[in-house]
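Residue strings, one per chain:
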Amino acid sequence: MLNLPPILGLCVTVACVLPCIAQTQSPAPAGWQLTFSDEGNGDAGSPPDPAKWTHDIGGHGWGNAEPQTYTSPQHLAPSGLNAFYDGEGHLVLEARRENHTGPDGIAAEFTSARIKTQNLFSQAYGRFEARLRLPQGQGIWPAFWMLGDSFADAGWPHCGEIDIMEFLGHELNTIHGTVHGPGYSGADGIQGSIHLEPGESYADDFHVFAVEWEPDEIRWYLDGEHYHTVTPEDLTNEDGTQDEWVFNTPHFLILNIATGGHWPRYPDDTTVFPQRMTVDYVRVYQREEHADHH
């Protein structure tokens, strides 16, 4: 999800860690310790937990010529929240076709949500996963991803970007996992993909999308199946030089639905709105042997 405007187990900006752990009902997998979670347990119609999530807002295109404007509880769309709990154990992000001018003064024909843990939670290394049911349709582009904490200072792509899951709503059985950094960003990001059987769709049911991130390796998983790996050796150029590995510092989480852009192209007459990304949970873990490195 292109975006333009360290010690092993290091976990920074974790003011919400203990409350997050207390609220979860599920045990951690063997060998892992939970450091962050949202289990979707908010009251029906309430916004994302402000102790865990903040909102990006506005309609300036987000580096991809995206036509939507992102809203927040403080800057509502005409038809209300674009991110909310459904009262049934889920966090929902909803993209809608509706005209709205955000606080940046940019008029848009779509509204959506982009929520993040920036300045609330970030972590270097560990397991980052979410159980999601995805939206669909031409121009619908949901993602679960991370940016480095240095984004505000170093900018993109030098901060690093790890795309845990990206989905193009017209390619119903394919998801992508990608990294972006200096020399390998945008269309040159290092990407792997995995496919369901023909005729199946990621919009039909929940799936678990995850990465396991070590100091010199990032691995992608779908429902526990390992399908993609990136290491520093993958950054070697044809002339033998190597691009910089920028994945040794904490990253924060992002969930969003874009409604169009350079990669997915744009909604058309076949695109049905509203479209929802339903989040059963988001969980982050670190290795138990590094649990004291906060």
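Located above this text is the structure these notes cover.
Residues numbered from 1 in each chain as written. Predicted model: local features only at pLDDT ≥ 70, side-chain atom pairs only at ≥ 80, totals over all residues. Heavy atoms only, no water.

Notes on the overall build of the chain
Spelled out, the test is: Numbering goes from the N terminus for both helices and strands, where a helix is a DSSP run of H or I of at least four residues and a strand is a run of E of at least two. Per-residue and other accessible areas follow the Shrake-Rupley method at a 1.4 Å probe size, with only the shown protein chains counted as cover for residues.
A count of helical and extended segments in the chain gives 2 helices and 19 strands. Of the roughly 11700 Å² that the chain leaves accessible, carbon and sulfur atoms contribute 49%.

A closer look at the side chain of Asp-56
Defined as follows: Any pair of N or O atoms that falls within 3.5 Å is considered a polar contact. Within protein, one atom must be able to donate a hydrogen and the other to accept it, and sequence-neighbouring residues count only if both atoms are side-chain atoms. The contact criterion used is simple: two residues touch if any of their non-hydrogen atoms lie within 4.5 Å.
Of note, Asp-56 is situated in the loop between β3 (54-55) and β4 (68-70). A polar side-chain atom of Asp-56 sits 2.8 Å from a polar atom in the side chain of Arg-114. Setting aside anything within four residues of it in sequence, one finds Asp-56 in contact with Trp-62, Tyr-70, Thr-71, Arg-114 and Lys-116.

Things to note about the pairing of strand β12 (residues 161-166)
To be explicit about the condition: For each residue, the accessible area found with a 1.4 Å probe, counting protein chains only, is set against the maximum for its type, and the residue is called buried under 20%, exposed over 50%, and partly exposed in between. Strands qualify as paired when DSSP identifies two bridges or more between them.
Along β12, 6 of the 6 residues are buried, which leaves the element largely enclosed by surrounding structure. Here 4 bridges tie β12 to strand β13 (residues 174-180), and the two strands are oriented antiparallel to one another. Bridge pairing in β13 links Ile-162 to Val-179.

So, unusual backbone geometry
Residues Trp-156 and Pro-157 are joined by a peptide bond in cis, for which omega reads 10 degrees. Cis geometry is adopted by the peptide bond preceding Pro-274, which originates at Phe-273 and carries an omega value of 0 degrees. Within the secondary structure, Pro-274 is located in the loop between β18 (251-259) and β19 (275-287). Phi angles above zero are rare outside glycine, and Asn-119 is one such case at about 70 degrees.

Quick word on a negative patch on the surface
Going by this rule: A patch is a set of surface residues, each over 30% in relative accessible area and not in a salt bridge, joined within 9 Å for like charges and within 5 Å for the nonpolar side chains Val, Leu, Ile, Met, Phe, Trp and Tyr. What makes a salt bridge here is a side-chain nitrogen of Lys or Arg within 4 Å of a carboxyl oxygen of Asp or Glu, nothing more. None of His or the chain ends enter the tally, which takes Lys and Arg as positive and Asp and Glu as negative. Charge coordinates come from a single atom per side chain, which is NZ of Lys, CZ of Arg, CG of Asp or CD of Glu.
Together, Glu-197, Glu-200, Asp-204, Asp-205, Asp-223 and Glu-225 line one region of the surface with negative charge. Mapping Asp-204 onto the fold places it in the loop between β14 (190-195) and β15 (207-214). Among the residues examined, Asp-204 registers a relative accessible area of 56% and is labelled exposed.

Observations concerning the nonpolar core
One broad trend across soluble globular proteins is that nonpolar side chains are buried collectively. Worth spelling out the cut-off: Each nonpolar core is a collection of buried residues, namely Ala, Val, Leu, Ile, Met, Phe, Trp, Tyr and Cys, held together in the definition by side-chain atoms within 4.5 Å.
One finds Leu-93, Leu-132, Ile-175 and Leu-255 to be the most contacted residues of the largest nonpolar core, which totals 51 residues. No other element matches β19, which puts 4 residues into this core. Every residue in contact with Leu-93, bar those within four places of it in the chain, is listed here: Asn-82, Ala-83, Ala-113, Ile-115, Leu-255, Asn-256, Ile-257, Gln-275, Arg-276, Met-277 and Val-279. Counting residues in hydrophobic clusters, the runner-up holds 8 residues, among them Leu-147, Trp-156, Phe-252 and Ile-254.

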